[in-house]
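# Observations on chain architecture
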Amino acid sequence: MDLLLDMFMAFFGGYLMYAAVNMKRTGEIAKGVIVGKNVDLAKATDIPGFIRYMYGKTLAIGFCALVCGLVGVYNDLYGGLLMLQLIMAVFFFAVVIVFGFFMVKAQKKFLGQ
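The sections below set out a description of the structure shown in this document. All values derive from a computational prediction rather than experimental measurement.

## Quick look at the overall build of the protein
Per the secondary structure count, the protein includes three helices and zero strands. Taken from the N to the C terminus, the helices and strands of the protein come in the order α-α-α. By its C-alpha atoms, the protein is 50 × 25 × 20 Å across when sized along the principal axes. Across the 113 residues in the protein, those meeting the buried criterion constitute 34%.

## What to know about helix α2 (residues 47-78)
The terminal C-alpha atoms of α2, which comprises 32 residues, lie 44 Å apart, in line with the 46 Å expected from a rise of 1.5 Å per residue. A bend of about 40° at M54 is the largest found in α2. Two or three places before G49, at the start of α2, stands the capping residue D46, its side-chain oxygen 2.9 Å from that residue's backbone nitrogen.

## Thoughts on the nonpolar core
Among the nonpolar cores identified, the biggest contains 25 residues, and I29, I34, V35, F50, M54, M103 and L111 are the most heavily contacted of them. For this core, the elements supplying multiple residues, two or more each, are α1 (2-26), α2 and α3 (82-111). Residue contributions to this core peak at nine residues, all from α2. Other than its neighbours up to four places away in sequence, M103 contacts I34, V35, F50 and M54.

## Some thoughts on the packing of α1 against α2
For any two helices packed against each other, the geometry comes down to the angle between their axes and how far apart the axes lie. α2 packs onto α1 with a crossing angle of 155° between their chain directions and a minimal axis gap of 7 Å. Relative to α2, the element α1 lies roughly antiparallel. α1 and α2 meet at a crossing whose hand is left-handed. A per-class count over the contact of α1 with α2 returns 22 nonpolar, six polar and four charged.

## Considerations on α1
For α1, built from 25 residues, the straight-helix expectation of 36 Å at 1.5 Å per residue is met to within 8% by its first-to-last C-alpha distance of 35 Å. Each element contacted by the buried residues of α1 is listed here: α2 and α3. Once α1 ends, the next one or two residues include G27, with phi positive near 80°.

## Brief notes about the packing of α2 against α3
Taken N-terminus to C-terminus, the directions of α2 and α3 make an angle of 165°; their axes are 10 Å apart at the nearest point. Classified by the interaxial angle, the pair formed by α2 and α3 is roughly antiparallel. The interaxial crossing formed by α2 with α3 has left-handed handedness. Split by residue class, the contact of α2 with α3 holds 23 nonpolar, six polar and two charged.

What counts and what doesn't
Residues numbered from 1 in each chain as written. Predicted model: local features only at pLDDT ≥ 70, side-chain atom pairs only at ≥ 80, totals over all residues. Heavy atoms only, no water. Helix = DSSP H or I, 4+ residues; strand = E, 2+ residues; numbered from the N terminus. Buried < 20%, exposed > 50% of the residue type's maximum accessible area, 1.4 Å probe, protein only. Expected span 1.5 Å × (residues − 1). Bend = angle between axes of the 7 residues up to and from the residue. Polar contact = N/O pair within 3.5 Å; in protein donor to acceptor, adjacent residues only side chain to side chain. Core = buried A, V, L, I, M, F, W, Y, C linked by side-chain atoms within 4.5 Å. Contact = heavy atoms within 4.5 Å. Axes fitted to C-alpha atoms, helices over the stretch in contact; angles between N-to-C directions. Parallel < 35°, antiparallel > 145°, perpendicular 65-115°, else oblique. Left-handed = near helix turned anticlockwise from the far one by under 90°. Nonpolar A, V, L, I, M, F, W, Y, C, P; charged D, E, K, R; others polar.

And the structure:
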């Protein structure tokens with residue numbers, strides 16, 4: 001079960017990074033990935049500003065999730081990295097909380113939500 005969760009975390013991290021790059025490239029925000037499905041982008045006040053503000057932050061959390069997931073997969077398969085995995089899990093939890101604050105701020109400021 002741990003292996004499956006770690007694989008999902010690594011996959012989700014990679015997908016988040018892809019979504020961030022795609023958001024920057026196309027100028028469109030992925031609903032359900034970058035912002036919640038309940039966010040009405042038709043009423044957004046500054047989508048380009050949101051993208052500029054959240055691009056690097058989304059890449060960073062995606063990278064953190066990818067690395068944490070890969071370390072977890074390695075530890076599940078081969079062992080030996082339990083302490084590193086624990087430290088990374090605590091670090092990732094803190095990053096998710098900080099990212100949540102940035103996301104709420106960005107949605108209020110740029111999307112009017």
